[in-house]
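Chain residues, written in single-letter form:
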Amino acid sequence: MKIKDIIGINNAKLVFGNAEEVLNNFSKDTRTIKDGDTYIGIKGEIYDGSVFFEDAFSNGAKTCIVSNIEIFDDIKNKYADRNLIMVDNVVEFLTLIAKKKRENLNIPIIAVTGSVGKTSTKNIIADVLSTKYRVLKTEGNLNTNIGLSLTLLSLTDEEIVVLEMGMSEKGEISVLTNIAKPDVAVITNIGTSHIGNLGSRENILKAKLEILEGLKGPIIINNDTDLLNDWYKNNNINNEIITYGIDNISHYQATNISYDKKGSHYNLDNELVDVNVIGKHFIYNSLVAFAIGDLFNIDHKNIKNKLKNLTLEPNRMELINNNYTIINDTYNASYDSIYYALEVLSKFEGRKIAVLGDILELGEFSEEIHRNIGNLIIKNNIDVLITIGESAKYINEEATNNGFNTVNSYHFGSNKEAINFINSIKSGKDNILVKASHGMNFIEIVNGIKE
């Protein structure tokens, strides 16, 4: 994409520079700019990235895209060998040029959304596809319109794209799907993440189904999620629907499931599948990999080999083994992910210690959902419960109200207090799950107890 190709989009004007220059490697961070990159000056809650364009030029940027700043002649003279583009709104401009680039692409795009498991599922899909194709995927969880647009604009010679789509409000998936125009979509589940903003799981389902607006081909859904199962039975869409599940009859269904500390094991039709991560949620993720693999003609032998050797992003169901085992699942939390994590903990031999903190962004539903987690403590035969946080106290209250031994139930006001206590009680063969929303900084607890 050359500068001349984007002039006029969002009233883009070339303030100075060469219209024949190619726009390469878009970045919104002056600290990571490399020689020849294109800097996007995005306005945040505190800082307006446009005012840092000189930092970007100093660090090697060839082109800067900014809005609402005045450019004086001395700047034009100082950076005469660079390019500066002025637009009305940098984020809108970024979205529009990403959409323009997508319109000129003739490669398949896969979109992944859902309440939990998006990032892990996206990564597993990309790993499987990489056995046959050059794959571009969303880095980390950059799943907003900015992250998705930057991902598309970074495309060079890849043959297939896997995009993660996140949302916290109605209408956000609509924007993303109309940029990406995916050929295949995946919905991992419908949980309670962001229920404080959307008001109900039914509204979350509606928000996730906005992905259909831009979808060209099949949609793959978790058939064990009640709302998706009901939607599947009663839908009237033109897209093909492919289902996966464990409890409900599905196109891709895992049976004969077993777990050990080496991972999860199951049968898919007549094939034995080993996943080197323990947990029902990773079985679901792996079933998506088979569905995608079949759509893109990946040999099952290659799929199974990838699943047997997965590399997860940090702080996701990471097992740390000393004399005792820590399950580090501190990346984030929701009711659903805690449900699966406690189920994993229940499978381990030895004392089971659950260290749980607040789930954030639940609004008026916070107390109810945390109390529901208290019931999971009983169901999964947890031996010791440790909670930290204003809302997590309800986990403790509900568990003890329903018969959990108060002698083994503890609540602390800070991570430091919890660390000191855990270090005083931990012993060989203990299994310690550490999990809360990212904002609770529970990685501090993991680091404090792992030595």
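This report concerns the structure included in the present document. All residue numbers here refer to positions counted from 1 along the written sequence of the relevant chain. Residue-level local features of this predicted model are given only where pLDDT is at least 70; pairs of side-chain atoms are given and counted only at 80 or more, and the full residue set underlies all totals for whole chains, interfaces and linings. Heavy atoms from the whole structure form the basis of all side-chain values; hydrogens and water molecules are not counted.

1. Let's talk about the overall build of the chain
- Helix and strand assignments come from DSSP, with helices taken as H or I runs of at least 4 residues and strands as E runs of at least 2, each series counted from the N terminus. Helix and strand counts for the chain come out as 17 helices and 20 strands.
- We compute the radius of gyration over the C-alpha atoms and compare it with the globule rule, which gives 2.2 Å times the number of residues raised to the power 0.38. For 451 residues, the compact-globule estimate of 2.2 N^0.38 gives 22 Å, and the chain sits close to it at 24 Å.
- Dimensions of the chain along its principal axes, counting C-alpha atoms only, are 75 × 50 × 40 Å.
- For the chain, buried positions account for 55% of its 451 residues.
- The contacts of the chain with a sequence gap of at least 6 include a subset with a gap of at least 24, amounting to 64%. Partly exposed describes any residue whose relative accessible area lies between the buried limit of under 20% and the exposed limit of over 50%, with all areas from a 1.4 Å probe on protein chains only and scaled to the type maximum. Two residues form a contact once any of their heavy atoms are found within 4.5 Å.

2. What about a nonpolar patch on the surface?
- Among the surface-exposed residues, Ile46, Tyr47, Val51 and Phe52 lie close enough to one another that they form a single nonpolar patch of about 460 Å² accessible area.
- Looking at where tyrosine 47 falls in the secondary structure, it is placed in the loop between β3 (38–40) and α2 (53–58). Each patch groups residues whose relative accessible area exceeds 30% and which form no salt bridge, using 9 Å between like charges and 5 Å between nonpolar side chains of Val, Leu, Ile, Met, Phe, Trp and Tyr. Each accessible area value is a Shrake-Rupley result obtained with a 1.4 Å probe; residue values ignore everything except the protein chains displayed when judging cover. Whenever Lys or Arg places a side-chain nitrogen within 4 Å of a carboxyl oxygen from Asp or Glu, that contact is recorded as a salt bridge.

3. Some points on the packing of helix α4 (residues 90–103) against helix α6 (residues 145–153)
- Relative orientation of the contacting elements α4 and α6 amounts to 40°, with a least axis distance of 9 Å. Between α4 and α6, the interaxial angle falls into the category oblique. Every pair of crossing elements has a handedness; the one defined by α4 and α6 is left-handed. Side by side, α4 and α6 meet where Val91, Leu94, Thr95, Ile97, Ala98 and Lys101 of the first sit next to Asn145, Ile146, Ser149, Leu150, Leu152 and Leu153 of the second.
- Of the residues that constitute the contact of α4 with α6, the class distribution is eight nonpolar, three polar and one charged. Axis definition: a line fitted to C-alpha atoms, limited for helices to the stretch in contact. Angles are taken between N-to-C directions and run from 0 to 180 degrees. Roughly parallel here means an angle under 35 degrees, roughly antiparallel means over 145, roughly perpendicular means 65 to 115, and every remaining angle is called oblique. For any pair of crossing helices, the crossing counts as left-handed if the nearer helix is rotated counterclockwise from the farther one by less than a right angle, and right-handed if it is rotated clockwise. Under the grouping applied here, Gly and all other residues not named as nonpolar or charged are polar, the nonpolar ones being Ala, Val, Leu, Ile, Met, Phe, Trp, Tyr, Cys and Pro and the charged ones Asp, Glu, Lys and Arg.

4. Some words on the sheet that holds strand β17 (residues 352–357)
- Note on pairing: DSSP must find at least two bridges between two strands before they are called paired. Taken together, six strands build an open sheet; the order of strands is β15-β16-β20-β17-β18-β19 and the sheet is mixed. Edge strands, defined here as strands with exactly one partner in the open sheet, are β15 (318–321) and β19 (409–412). Within the sheet, the average angular offset between the axes of one strand and its neighbour, ignoring direction, is 15°.
- Pairing of β17 with strand β20 (residues 431–435), which is carried by five bridges, proceeds in the parallel orientation. Across the sheet, the residue bridging to lysine 352 is asparagine 431, located in β20.

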